[in-house]
Amino acid sequence: KDALNVKPYSYEPKKFEEYDIEIKITHCGVCGSDIHTATGGWGDITYPQVVGHEIVGHVTRIGSKVDATRYAIGTRVGVGAQCRTCLTCVDCKAHKEHCCRKGIDTYTGKYEDGYISQGGYADYFRCHYNWVIPIPAGLPSEIAAPMLCAGITTYQPLKKFNVGPNSRVGVIGIGGLGHLGIQWAVALGADVTAISSSDRKKYDATEVLGAQHYLNSSDAAAIADAVGAFDVVLCTAFGEDTNWDKLITLVASDGAFVVLGLPEKPISLKPFGLMTQVSVVGSHIGPPHMIEEMLNFAVEKGVKTIVEIMPMEKAAEALNKLDKKGARYRIVLER
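Residues numbered from 1 in each chain as written. Predicted model: local features only at pLDDT ≥ 70, side-chain atom pairs only at ≥ 80, totals over all residues. Heavy atoms only, no water.

Asks: Let's hear about the overall build of the protein chain: which residues, and what values?
Replies: Within the protein chain one finds 9 helices and 15 strands. Rg of the C-alpha trace for the protein chain: 20 Å, near the compact-globule value of 20 Å for 335 residues, within the 12% margin. Residues classed as buried in the protein chain amount to 51% of the 335 residues present. Relative to all contacts within the protein chain whose residues are 6 or more apart in sequence, the contacts with residues 24 or more apart total 69%. Counting only carbon and sulfur atoms, one obtains 50% of the accessible surface of the protein chain, whose full area is about 15,400 Å². Each charge class in the protein chain was averaged separately, 34 positive and 37 negative side chains, and the resulting centres sit 2 Å apart. (Helix = DSSP H or I, 4+ residues; strand = E, 2+ residues; numbered from the N terminus. Rg over C-alpha atoms; globule rule 2.2 N^0.38 Å. Buried < 20%, exposed > 50% of the residue type's maximum accessible area, 1.4 Å probe, protein only. Contact = heavy atoms within 4.5 Å. Areas by Shrake-Rupley, 256 points an atom, 1.4 Å probe, with all protein chains shown as cover. Lys, Arg positive; Asp, Glu negative; His and termini not counted. Charge placed at Lys NZ, Arg CZ, Asp CG, Glu CD.)

Asks: Describe in detail the nonpolar core, supporting the description with residues and values.
Replies: Membership of the largest hydrophobic core comes to 48 residues, with the highest contact counts inside it found for Met147, Trp184 and Leu295. Elements supplying a minimum of two residues to this core: helix H3 (141-160), strand E8 (168-172), helix H4 (178-187), strand E9 (191-196), strand E11 (230-235), strand E12 (251-259) and helix H8 (288-301). No other element matches H3, which puts 9 residues into this core. Sequence-distant contacts of Leu295, defined by excluding residues within four places in its chain, comprise Ile133, Pro134, Ile135, Pro136, Leu139, Met147 and Leu148. (Core = buried A, V, L, I, M, F, W, Y, C linked by side-chain atoms within 4.5 Å.)

Asks: Just give me the short version of the sheet that holds strand E13 (residues 279-282), but keep the residues and values in it.
Replies: Ordered in space as E10-E9-E8-E11-E12-E13, the 6 strands form an open sheet in which the pairing is parallel. Either end of the sheet is taken by a strand with one partner, and the two such strands are strand E10 (213-216) and E13. Each neighbouring strand pair of the sheet contributes to a mean axis angle of 20°, computed without reference to strand direction. Alignment of E8 against E9, held across 5 bridges, turns out to be parallel. Among the inter-strand pairings, Arg168 is bridged to a residue of E9, identified as Asp191. (Pairing = 2+ DSSP bridges. Axes fitted to C-alpha atoms, helices over the stretch in contact; angles between N-to-C directions.)

Asks: Break down the side chain of Asp20 for me, citing the residues and quoting the values.
Replies: Note on placement: Asp20 falls in strand E1 (residues 20-30). Residue Asp20 is classed as buried on the basis of its relative accessible area of 3%. Engagement of the side chain of Asp20 in a polar contact is seen with the side chain of Lys14, the distance being 2.5 Å. A polar side-chain atom of Asp20 sits 2.9 Å from the main-chain amide nitrogen of Glu17. Those residues within four positions of Asp20 in sequence are excluded, and the remaining contacts are Lys14, Lys15, Arg61, Ile62, Gly63, Val66, Cys127 and His128. (Polar contact = N/O pair within 3.5 Å; in protein donor to acceptor, adjacent residues only side chain to side chain.)

Asks: So what about the pattern of salt bridges? Which residues, and what values?
Replies: Using the criterion set out here, one finds 16 salt bridges in the structure. Between Arg328 and Asp204 there is a salt bridge whose closest N-O contact spans 3.0 Å. One end of the pair, Arg328, is in the loop between helix H9 (315-323) and strand E15 (330-334); the other, Asp204, is in helix H5 (residues 202-208), and 124 residues separate them in sequence. Between Glu240 and Lys265 there is a salt bridge, and its shortest N-O distance comes to 3.6 Å. With Glu240 in the loop between E11 and helix H7 (244-248) and Lys265 in the loop between E12 and E13, this pair connects stretches of sequence that are 25 residues apart. Each member of the pair Glu240 and Lys265 is classed as exposed. Residues joined in a network through salt bridges with shared partners are Lys14, Glu17, Asp20, Arg84 and Glu112. (Salt bridge = Lys/Arg side-chain N within 4 Å of Asp/Glu carboxyl O.)

Asks: Tell me about H4, and name the residues and values.
Replies: Of all the 10 residues making up H4, 8 are buried; the element is thus mostly covered by neighbouring parts of the structure. The complete set of buried residues in H4 reads Gly178, His179, Leu180, Gly181, Ile182, Gln183, Trp184 and Ala185. Contacts made by the buried residues of H4 are with H3, E8, E9, H5, E11 and H8. Phi for Gly189, located one or two positions after H4, is positive at around 95°.

See the structure below:
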């Protein structure tokens, strides 16, 4: 189970169905989820397993029930972390498909016939058209790919909590998730503070990504001064010794602390920090219509993923580089 020592693997794709689209993959982002999954950090999986859920490519085949105008052969499209939902439950009907309890993930997901979904470190991918998103012309494929997971993971909670010009937003962690979260919040007009455990990324956060303020979470005095300073805090990073109680104090009354980076161990916090009616919530990607909205918003506002491109054949090297925190800020595999 030395999952970061990945090797080539051939497999039978899922059965092609009338609502499916097949995509020839050109790009796939490397996500921290790939490491947590491949190593078994989030729970046991069935090996061999192909990871990768930030997929961009071109349509090569469509089923008989697919709109041939929207998804014409050759159309550039993307698929994120989810590839199928039931479409009949309360959440799906309310256009909250990402909350569907029967949703199938892009990899490790189990279909009704027992097939285990295989991800985007591959030549092709096929899935239900509902989760296939056209990529706008103004967005390069390598920039778009990480937005299909990291992008929507940070964009959706900002929209959920109505972030705008009167909002104060803190983003904890300036990495694959955080560097996009900062840009979205700035583009939405919020007053944004980047929060990190050192000053190492201060220049990037303020001069490159556009945050108006910077907070070093290792500075006890600065943290004390920031108690109740934010309406919304996006928590995209954590450590073995993260003091969750301290971070919760940063949220204003009736504000939200949104857990986006997912630790492999349980989060421990005392209830006293919640007495100001602070909400601690999680957030799982976003629905297809919002992913499409986000991609167009990125073009409109000039939001861009900062990426390093590596060939698909170097997937193992890319995973290990990300695992050693050597990425700035996202790695994308390219064919």
